[in-house]
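# Understanding the architecture of this molecule
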Amino acid sequence: MKRCFLFFGFLLSTLLPAQRHPSRMGAQHRYRSPLAGGLERVWVGPDWYGMRLQDWRLVQGRIECPEARPRRPIRVLHQLRVFSAQGSGEYRLQVQMGPLDPGGTFLPGAAAGFWVGGGNDGVHPWKSALVHHRPGKNGGMFCGLEASGQLVFRDNEGGDARGGWGITGPLKKGQFEKFPATAQEGSLPPGWRKEGVLLRLWVRVREGKATLVLSVRPRDEALEGGIEARLEGISAGLVDGSFGLLSHLGTKRVAKKPGRGFWFRRFAASGSLLRKREMQFGPIVGCLYTLSRGVLKLTAQMAPLGPGDPKEARLEIQEPGSGAWKERARAQYDEDACTFRFRVEGMEEGPPLPYRVVYGARVSGEVGSQDFAYEGVLRRRAKSREQFVIASLNCVKHFTGGPLHWDGSALWFPHQDLVAKVESHDPDFLFFAGDQIYEGDLTGIERRPFARARLDYLDKYYRWHLSFRSLTRTRPTVSIPDDHDVFQGNLWGAGGRKARRQDDGGYTMPPRWLKMMERTQTSHLPDPVDPRPIAQGLPVYFTRLEMDGVSFAILEDRKFKDSPTPLVPKGKFRNGWPRAKDFDPAREADVPGAVLLGKRQLAFLEGWAADWSHQAWIKLVLSQTLFSNLATIPEKATGGEVLPGLPVPEPGAWPKGYKLASDADSNGWPPSGRDRALRAWRKAFALHLCGDQHLGSLVHYGVDRFDDAGYGFCAPAVANTWPRRWFPPQAGKDRREGAPPWTGKFLDGFGNHLTVHAVSNPQKTPYKPARLHQRMPGYGILRLDRKTHAITVECWPRAVDPREEGAKQYPGWPLRIPQREEYGRKAWGTLPRIVWEGRGLPVVQVREAKTGTLVYALRSTRKGFIPFVFEPGEYLLRYGDPDGGSWKELRARAKKN
Ligand SMILES: [Fe+2]
């Protein structure tokens, strides 16, 4: 259980840059990598992190790197548990290794050995754990053996690498260059490829300069020979920090058959500079849970297990009185999604309860397993009795282009700066609106075959867990996938049909992959309210969640939505944008029958709006994107493709030359479908939370008139490459005093009514790195006031520490929204005042007497309530306590105000 104990320690500590908290290894300063024998699996073990995941595997006690294509050079397996400290001293690494193909088919330049010197003081160790593919500042160096039988030192820092969306393509000239001053003695006997070699590196640092001695000899001790090479006087920064194994498959496409890569075994490290750190990857990568109406659902995300691994895990919850751990559920492993899904019924709301998921993993030796536990806390109601606090996040890009540096100047993962700030608000509930991953981010993309596309998704999705698990471990979380999560740039799901091209409407990835992806992100949500599958047998997850009287409708605004390309041929829509010259999207783009939420979700909303049981006092709608098109593009542009390259305005500027966007990827299209959705949820006085746009914004939706529906809040992106902006050509009407010209009343690019209250437009900032901060990243915080039912919406820049005095939110925030404004339609008259004498505060339902149609429902903030109505007529008024089942009913005719 020693390992189990260490793992707890890791999870409970916040990861600081490792060098700030060095823990000595003890007198010996030794580390030997444990590896499980007799197994085959992608996950090497908790001490290693593969870049990429799918490029490494464990096979019968050996580590293998089978990736063998020149367009995927420099594969690194990062050692997480030990690293080299800065300062004077020495360390030694050794490993046995050899070619996977004993016949020795190699590409010229193929090589394998040690990667050393990743990061340094101040570089978060998880950023260093991303190093692969291409050199960049803080990328360290390579010390290894070439296929030719020569030892080699290569520089992984120089070469001016840049990237856009991901880091892809073969190495360029001048990248991964050899260090010239290499003296080499001896030779390897032929036949070393068969049994492999023993590679050793000795690094000594004195006064900022390092001497490296690299040696190799046949693993078979009967064979004679060996080589030693020295490199002297290089900067200590190239050898301190993280290290690992590197397999590099050459720079030229020569061989007809690509090489097959290298194997490694018995990695060991020692020396006075060696330090240990509490950093691991797997077996349990993260857990997500929700608790609603007495049901706990918890999904444990596992590293990919192999056929020989145990396939069962258990969920334990601490008993409130005795503190003893009690098993509450067991789960079987999902081979595609790599999850254990737990369900516990009869879980009431109350004080926090510690939980842990326990899994016996095979991590060393030929047999047996060691228990690992992932520990967290079930937050079963808000911490404060005054307010319920929600954090709203979305769009998690780790690399947003520019010069490639393997540090915090170019890599945003693991977002520890932002996570600490979100944590300081101590939210009771987390919402991730989508784009938890970006296809192609950092590592490029593999769309097929299924097995590779699955691992490619998981590799990216694990980075989301690694980033946010200190938040999700102790808080209920709703995460819903958006377009990039399904490996598409835009998504019109069209009821789940298969799409050959994205614009046809539907999904381009196969159903098995889609189901896998959706299970990783949504299987911990409350059960779907209407679980009938859609086209291709795809599942749905739209549902409701009730916690501490806060009632959420969780929607899928992409899954049923039609694509404009086939429905509006006149507009010649490509990638969501009308490209036809003589086409006016504000008048011509609407198709009354076009689907946005679809009948099933509208029916669900209708029922949800009326139902305020489970002590509900406030309602929110959660979905992917805004139900308006709050964006502008340059006058000459026909689409949004120009956004990443547009100039960044000065603070407070109102640049000219922009026009309203008509982007059908937003829920401004289809307008009729949009109106149906807003009409449905305004009956619940629900605030809408979303993401996707990368433009933090708070708007008041209008259907027939301005402000006659609810508010929508799009939280800023965690980090983005696509800085949308709102610079309307005309100033908005009816602005609040002192408010900027881009606020106020507008008709958007599809003619939808929209009142803009606040927008976090891109602008030049003093914060570094500018590449991150001038695209206005951040997060939202919502404070739901239990007494007044008002919501205060906060919008925080990623750069600002809310704990500091005078910390400022994005301009225009915070804003307090009274519940009544969530159905902002002007009242025509009233019904007789009601007074509830029963338990608690009454829920009031108003229906049209003739049709029974719900006008609205809400919970009053007082015992007495004067119902308002929007039109003359006779109404059915019901009020009371849905949980106690006691209602009063009356019919009344409305009186004009
Ligand atoms: Fe996004």
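Conventions and cut-offs
Residues numbered from 1 in each chain as written. Predicted model: local features only at pLDDT ≥ 70, side-chain atom pairs only at ≥ 80, totals over all residues. Heavy atoms only, no water. Salt bridge = Lys/Arg side-chain N within 4 Å of Asp/Glu carboxyl O. Core = buried A, V, L, I, M, F, W, Y, C linked by side-chain atoms within 4.5 Å. Buried < 20%, exposed > 50% of the residue type's maximum accessible area, 1.4 Å probe, protein only. Helix = DSSP H or I, 4+ residues; strand = E, 2+ residues; numbered from the N terminus. Contact = heavy atoms within 4.5 Å. Expected span 1.5 Å × (residues − 1). Pairing = 2+ DSSP bridges. Axes fitted to C-alpha atoms, helices over the stretch in contact; angles between N-to-C directions. Domains from an automatic or database assignment. Buried area = accessible area lost by both parts, 1.4 Å probe. Polar contact = N/O pair within 3.5 Å; in protein donor to acceptor, adjacent residues only side chain to side chain. Nonpolar A, V, L, I, M, F, W, Y, C, P; charged D, E, K, R; others polar. Donors = N, O, S within 2.8 Å, 3.2 Å for Na, K, Ca; no water. Tetrahedral: all angles 85-135°; square planar, octahedral: opposite > 155°, others 65-115°.

What follows covers the pattern of salt bridges. Scanning all chains against the criterion turns up 70 salt bridges. One network of salt bridges, in which partners are shared, links Arg52, Asp55, Glu67, Arg69, Arg75, Glu446 and Arg452.

In this structure, Phe281, Phe340, Phe342, Phe468, Trp513, Trp681 and Tyr856 are the most contacted members of the largest nonpolar core, which totals 162 residues. In terms of residue count, helix H5 (residues 450-472) provides more of this core than any other element does, ten residues in total. Residues contacting Phe468, with those up to four places away along its chain left out, are Leu393, Val396, Leu418, Val419, Phe432 and Val718. Among the nonpolar cores identified, the runner-up in size contains 55 residues, and Trp48, Ile63, Ala110 and Phe267 belong to it.

Next up on the list: helix H9 (residues 599-610). Spanning twelve residues, H9 covers 17 Å between terminal C-alpha atoms, matching the ideal 16 Å at 1.5 Å per step. Of all the positions in H9, only Arg600, Gln601, Leu602, Phe604, Leu605, Trp608, Ala609 and Ala610 are classed as buried. The elements touched by buried residues of H9 are strand E32 (543-547), strand E33 (550-554), strand E36 (618-622), helix H10 (671-682), strand E49 (843-848) and strand E50 (854-859).

A word on the sheet that holds strand E30 (residues 429-432). Sheets are built from strands paired through backbone hydrogen bonds, the pairs being either parallel or antiparallel. An order of E31-E30-E28-E44-E45-E46 is seen for the six strands of this open sheet, with the pairing classed as mixed. Whereas interior strands pair on both sides, the edge strands pair on one side only; in this sheet they are strand E31 (477-479) and strand E46 (815-817). Adjacent strand axes in the sheet meet at a mean angle of 20°, parallel and antiparallel pairs treated alike. Direction of pairing for E30 relative to E31: parallel, over a ladder of three bridges. Bridge pairing links Leu430 to Thr477 in E31. Each of strand E28 (387-393) and strand E44 (778-785) touches helix H4 (residues 416-424); the most contacted strand, E44, lies at about 10° to it.

So, about the sheet that holds strand E52 (residues 868-869). Sheet architecture is open: three strands sit in the order E52-E47-E55, paired in antiparallel fashion. Since the sheet does not close on itself, it has two edges, and those belong to E52 and strand E55 (895-896), each with one partner.

All right, on to the domain arrangement of the protein then. For the protein, the assigned domains are domain 1 (24-159 + 169-276), domain 2 (289-378), domain 3 (387-823) and domain 4 (829-896). Relative to domain 4, the C-alpha centre of domain 3 lies at a distance of 34 Å. The interface is formed by 18 residues belonging to domain 3 together with 17 residues belonging to domain 4. The largest share of the area that domain 3 buries against domain 4 comes from Ala610, Trp612 and Lys683, three residues that together contribute 34% of it. Run the count over domain 3 and domain 4 and you get zero salt bridges. One can count nine residue pairs in polar contact (both at pLDDT 80 or more) joining domain 3 with domain 4. Across the side of domain 3 that touches domain 4, the residue classes break down as eight nonpolar, six polar and four charged.

Turning next to the coordination of the iron ion. Six octahedral donors around a metal ideally sit at 90 or 180 degrees from one another, while four tetrahedral donors ideally sit at 109.5 degrees. Coordination sphere of the iron ion, protein contribution only: Cys395 (SG), Asp435 (OD), Tyr438 (OH) and His694 (NE2), at 2.1 to 2.5 Å. Taken together, the four donor atoms surrounding the iron ion define angles of 85 to 173° at the centre, an arrangement classified as irregular. Counting gaps between the donor residues of the iron ion yields the pattern C-x39-D-x2-Y-x255-H. Remark: Asp435 occurs in the loop between E30 and H5 and Cys395 occurs in the loop between E28 and strand E29 (402-403); sequence separation between them is 40 residues. In this structure Asp435 comes out as buried when scored by relative accessible area, which is 1%.

It is worth spelling out the pairing of strand E16 (residues 209-218) at this point. Put simply, side chains in a regular strand alternate between the two faces of the sheet. In terms of burial, E16 is a largely internal element, eight of the ten residues being buried. In this sheet, E16 lies alongside strand E15 (residues 197-206) in antiparallel orientation, the contact comprising ten bridges. Bridge assignment links Leu199 to a residue of E16, and that residue is Val216. Linkage of E15 to E16, two consecutive antiparallel strands, is achieved through a turn of two residues, within which Glu207 is found at a positive phi near 50°. In the sheet, E16 pairs with strand E17 (residues 226-235) via seven bridges, with the strands oriented antiparallel. Opposite Ser215, over in E17, you have Glu228 as the bridge partner.

Looking at the secondary structure, you find Ala849 in the loop between E49 and E50. We classify Ala849 as buried; its relative accessible area is 14%. Not counting residues up to four positions away in its chain, the partners in contact with Ala849 are Glu874, Tyr875, Leu876 and Arg891.

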